[in-house]
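One-letter residues, chain by chain:
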Amino acid sequence: MNENMRKELERFATRIRIETMKEFKELGFGHVGGAMSIVETLAVLYGAVMKVDPSSPRWEDRDWLVVSKGHAGPAVYATLALKGFFPMEELMTLNKPGTNLPSHCDRNKTPGIDMTTGSLGQGVSTAIGVALGNRLDKRDSYVYLIIGDGECDEGQVWEGALYAAHQKLDNLIAFVDDNKKQLDGYTKDVNDLGDIADKFRSFGWHAVRVDGADVEQIYNAIMAAKEVKGKPSVIVLDTVKGKGCSFAENAHSNHHMVVSPEQADMVIEELERKVVEL
Amino acid sequence: MNAILAAENIKEETAMRDAYCQTLMELAKENSNIVVLDADLMSSMGMVPFWKAYPERTFNVGIQEANMMGIAAGLSATGKVPFAHSFGPFATRRCFDQIFMSCAYAKLNVRIIGSDPGVTAAYNGGTHMPFEDMGIMRNIPNVTILEPVDSVMLKDLIKQTAGMYGIFYIRLLRKNAVKVYEEGSTFEIGKAVKLKDGKDVTIIATGILVDEAIKAAKKLEEQGIIARLLNMFTLKPIDKEAIIAAAKETGAIVTAENHNIINGLGSAVAEVLSENCPVPLERVGVQDVFGEVGPENYLRERFGLTADNIVNKVHKVLQRK
Ligand SMILES: Cc1ncc(C[n+]2csc(CCOP(=O)(O)OP(=O)(O)O)c2C)c(N)n1
């Protein structure tokens, strides 16, 4: 990746973070931790990888994204708005009466959201279904899937892992957002996941681990995964819950947080300086 | 049963989840068989104090509701008394077969707590908004379904179920409830509480709709309509006697619930009426649609879960009388 592209993607990631924080500021609370930890991945997917058409969100030959950890919706909405799927102003309607932007991703409400999620674990199966359907129709497109690390507690994740490998689904590329935390604390304290990449590998997947805040590593891992034939791929993202928002990063409990206007403004100012520096 | 009505229906100081935690702490002190299970929602449920006090009797399995229900069943087979919690949708529909077979069909002994009933799931939106949880559970033979209306009732029911055997579904508001009963009240599972007598119509309500029903009854009284008011906190086994008496003595019934009217309170009452004493019935509740995101007050209006709507339905049912 050349320097220009890296900077471009980092700028995009920072803008996503700013817009996501503005959504939370308007609402006064939200799933800050898990939204912020996947921002770089969203920036790489929508900034450099995915084949999508904002003017035609249901274009048949597009690449798909299933955000199985559906509570990260606000970060995905910021990304989609910045890409032009819907007007930026709409971001201010998050969770308000009649909104198209609910807490959890909804394929019937938001242009660009490919699958309805919110009950953890289920996006794994729906992503597999889409990948199988696209393969039947001989479409040259990929299905991307984002899973939480805590979400990997669900048996459904591993049922899917087994079957995707059995089906040799090389058009499926999953990410596990390994931010080390779930709702009640650290995953190692609640239900230790061990080595997530090793587990997927033993299920027959191509699995790698990268720095989930490094756009270049994420990009390179996706490109390499596309070269892998005959098996699904998973990219385990080493991330920080609440990334880029100091008040959230520093809080022990940062899954769902109250966000004061001052906290939000501080983060937004800091990030805006970063965009200029980039 | 000795239900003492509160003089005033105001928001309680203690949140329901805190009352739940305190009650379980008290029970656990006396009964070493009490165990608590959760699926990564201990902090949301205010159960951290219990977790800290009884770490060896707390099983926070992580985000795996189906596994949790099976584990609860197994624990109960060894004589433990499990209380297993998740949000309502994940405590019922997400793990229905495990509840059905491992818990109920196997005749084991598990208390399932489903929190954030109906519109109280508010900002979590439609995916998390259970309008179907009681309906799902009602399909299982011999399950007891309880919806405590305030912290006084909650404490009493939790204590009672701890000493009983079977499968219980307790639908639990996490936030602060509106006070309906005075401290020291006791309740009989399967028996409705008569909050007010009346001769013209009966309003049968449960959960957050009880407070709306109380307000509705006052408005109706100003209009010269004297309503009987029942708090049907046990959805199953339902209090047939109270329903039949209400039908015979008042001749018209309105049900009110924070749930789909299909397979919830409205259905249960309709079944008793049509088999025993058919009288006109109107059902306030969610009219077979999915939930959506938003502030709770907006959602109450959106789905017609209001005193005004109860009043309207009473007028309608009286025209049919
Ligand atoms: C089936 C199910 N159970 C419980 C929840 C409630 N819940 C929402 S997010 C969450 C924790 C998620 O942890 P993780 O997957 O690690 O996500 P992240 O840390 O990235 O936010 C829980 C328990 C849910 N949404 N779905």
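Only a predicted model underlies this, so the values are computations on that prediction, with no experimental measurement involved. (Residues numbered from 1 in each chain as written. Chains lettered and ligands numbered in written order. Predicted model: local features only at pLDDT ≥ 70, side-chain atom pairs only at ≥ 80, totals over all residues. Heavy atoms only, no water.)

K.L.:
Just to check I follow, could you spell out the interface of chain A and chain B for this structure?
P.N.:
A common way to report how large an interface is uses the accessible area buried once the components associate. Contacts between chain A and chain B engage 28 residues on the former and 23 residues on the latter. Summed over both sides, the interface between chain A and chain B buries roughly 1900 Å², with carbon and sulfur atoms accounting for 50% of that surface. It is Glu154(A), Leu183(A) and Asp184(A) in chain A that bury the most area against chain B; as a group they hold 28% of the surface buried on that side. For the pair chain A and chain B, the number of links is 1 salt bridge. Measuring nitrogen to oxygen at the nearest pair gives 3.4 Å for the salt bridge that ties Glu154(A) to Arg94(B). Between chain A and chain B we count 18 residue pairs in polar contact (both at pLDDT 80 or more) in total. Across the side of chain A that touches chain B, the residue classes tally to 7 nonpolar, 16 polar and 5 charged. (Contact = heavy atoms within 4.5 Å. Buried area = accessible area lost by both parts, 1.4 Å probe. Salt bridge = Lys/Arg side-chain N within 4 Å of Asp/Glu carboxyl O. Polar contact = N/O pair within 3.5 Å; in protein donor to acceptor, adjacent residues only side chain to side chain. Nonpolar A, V, L, I, M, F, W, Y, C, P; charged D, E, K, R; others polar.)

K.L.:
How do you make sense of the sheet that holds strand 14 (residues 281–286) of chain B when you look at a structure like this?
P.N.:
What links the strands of a sheet is backbone hydrogen bonding, and the strands pair in either a parallel or an antiparallel sense. Residue and element names in this part refer to chain B. Strand order in the open sheet formed by 5 strands is 9-11-10-13-14, and the pairing between neighbours is mixed. Strands with a single pairing partner mark the edges of an open sheet, and in this sheet they are strand 9 (193–196) and strand 14. Shown here is a sheet whose adjacent strand axes are inclined to one another by a mean of 25°, direction ignored. In terms of strand pairing, strand 10 (residues 201–205) meets strand 11 (residues 227–231) through 5 bridges, oriented parallel. Each residue of the ladder has a partner; that of Val201, found in strand 11, is Ala227. Here helix 12 (residues 307–319) sits on the sheet in contact with strand 10, strand 13 (253–260) and strand 14, set at roughly 155° to strand 14. (Pairing = 2+ DSSP bridges. Helix = DSSP H or I, 4+ residues; strand = E, 2+ residues; numbered from the N terminus. Axes fitted to C-alpha atoms, helices over the stretch in contact; angles between N-to-C directions.)

K.L.:
Got a minute to help me understand the sheet that holds strand 4 (residues 81–87) of chain B in this structure?
P.N.:
All names here are of chain B. If you trace the 7 strands from one edge of the open sheet to the other, you get 3-2-4-5-7-6-12, paired in mixed fashion. At either end of the open sheet lies a strand with only one pairing partner, and these are strand 3 (58–60) and strand 12 (234–236). With direction set aside, neighbouring strand axes in the sheet form an average angle of 20°.

K.L.:
Even after reading the chapter, I still don't get the packing of aromatic side chains, so can you show me in this structure?
P.N.:
Aromatic rings considered in pairs are described by the distance between their centres and by the relative angle of their planes. In total, this model carries 13 aromatic pairs over all chains according to the counting rule given. Here the aromatic rings of Phe50(B) and Tyr54(B) are separated by 5.1 Å at their centres, their planes lie at 40°, and the arrangement is tilted. In this pair, the class of Phe50(B) matches that of Tyr54(B), namely buried. Grouping aromatic residues by their ring pairs yields a cluster made of Trp158(A), Phe200(A), Phe203(A) and Trp205(A). The side chain of Arg62(A) reaches across the aromatic face of Trp64(A), ending 3.9 Å from its centre. (Phe/Tyr/Trp six-rings, centres within 6.5 Å; stacked < 30°, edge-to-face > 60°. Buried < 20%, exposed > 50% of the residue type's maximum accessible area, 1.4 Å probe, protein only. Lys NZ or Arg CZ within 6 Å of the ring centre and 35° of its normal.)

K.L.:
Looking at this structure, I do not really get helix 9 (residues 215–227) of chain A. What am I missing?
P.N.:
Along an α-helix, a turn takes 3.6 residues, which lines up residues three or four apart on a common side. All names here are of chain A. When the terminal C-alpha atoms of helix 9 are compared, their 19 Å separation across 13 residues agrees well with the 18 Å that a helix rising 1.5 Å per residue should span. Among the residues of helix 9, Val215, Ile218, Tyr219, Ala221, Ile222, Ala225 and Lys226 are the ones counted as buried. The buried residues of helix 9 occupy an angular sector of 165° when the element is viewed end-on, so they sit on one face. Buried residues along helix 9 sit against helix 1 (3–27), helix 3 (39–49), strand 3 (143–148), strand 4 (172–178), strand 7 (206–211) and strand 8 (233–238). Capping the start of helix 9, Asp214 holds a side-chain oxygen 2.9 Å from the backbone nitrogen of Glu216, two or three residues further along. (Expected span 1.5 Å × (residues − 1). Arc of directions from axis to C-beta.)

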